Amino acid sequence: MLMNGFDLGVIPLLLLAMRVLALVAFVFALVAREDAYRAAEKQSKTFWLVLLGVTVAVGFVPGMMFLQIAGLVATIVFFVDVRPALKQVSGGGGRRGGGSSSDGPYGPYNGGR
């Protein structure tokens, strides 16, 4: 009875979350500039688009759990490693509004010096 609840409730929700996450990663990879991948010293844009596109496609094929988990790993790597590097080289990193974390309302804080 407990497995029936997992088969009908939890597992489909997890698969849906994996599909949505892969689709969002694919869109982020699609909008990033090609030269940003080279500047961040990551794999090419084409590599990530193919990898994440296959992940999205495999997410809709039942019975391919191994490939879905491998795609989830690739999606997580994109979000944790590639996307922050792309944002940093594209000028999107850091806080909104610019400045460093030590800036006060009247400029940088220098520790009372």
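Residues numbered from 1 in each chain as written. Predicted model: local features only at pLDDT ≥ 70, side-chain atom pairs only at ≥ 80, totals over all residues. Heavy atoms only, no water.

Where an unreviewed UniProt entry is consulted, the protein chain appears under the name DUF2516 domain-containing protein, with the organism given as Streptomyces venezuelae.

A. Structural detail: the overall build of the protein chain. The number of helices and strands found in the protein chain is four helices and two strands. What you see in the protein chain, going N to C, is helices and strands ordered as α-α-α-α-β-β. For the protein chain, the proportion of its 113 residues judged to be buried stands at 21%. Of all intrachain contacts in the protein chain linking residues separated by at least 6 positions in sequence, the fraction that spans at least 24 positions is 57%. Accessible surface computed for the protein chain: about 8,000 Å², of which carbon and sulfur atoms make up 67%. (Helix = DSSP H or I, 4+ residues; strand = E, 2+ residues; numbered from the N terminus. Buried < 20%, exposed > 50% of the residue type's maximum accessible area, 1.4 Å probe, protein only. Contact = heavy atoms within 4.5 Å. Areas by Shrake-Rupley, 256 points an atom, 1.4 Å probe, with all protein chains shown as cover.)

B. Broad picture of the UniProt feature "transmembrane region" (unreviewed entry) in the protein chain. Under the local residue numbering, the UniProt record ascribes the feature "transmembrane region" (unreviewed entry) to residues 12-32 and 47-80. Helix and strand shares over residues 12-32 are 95% and 0% respectively, and the end C-alpha atoms of the span are 30 Å apart. Structurally, residues 47-80 comprises 82% helix and 0% strand, and the distance from its first C-alpha atom to its last is 17 Å. (UniProt positions renumbered as here; feature names shortened; annotations may be inferred.)

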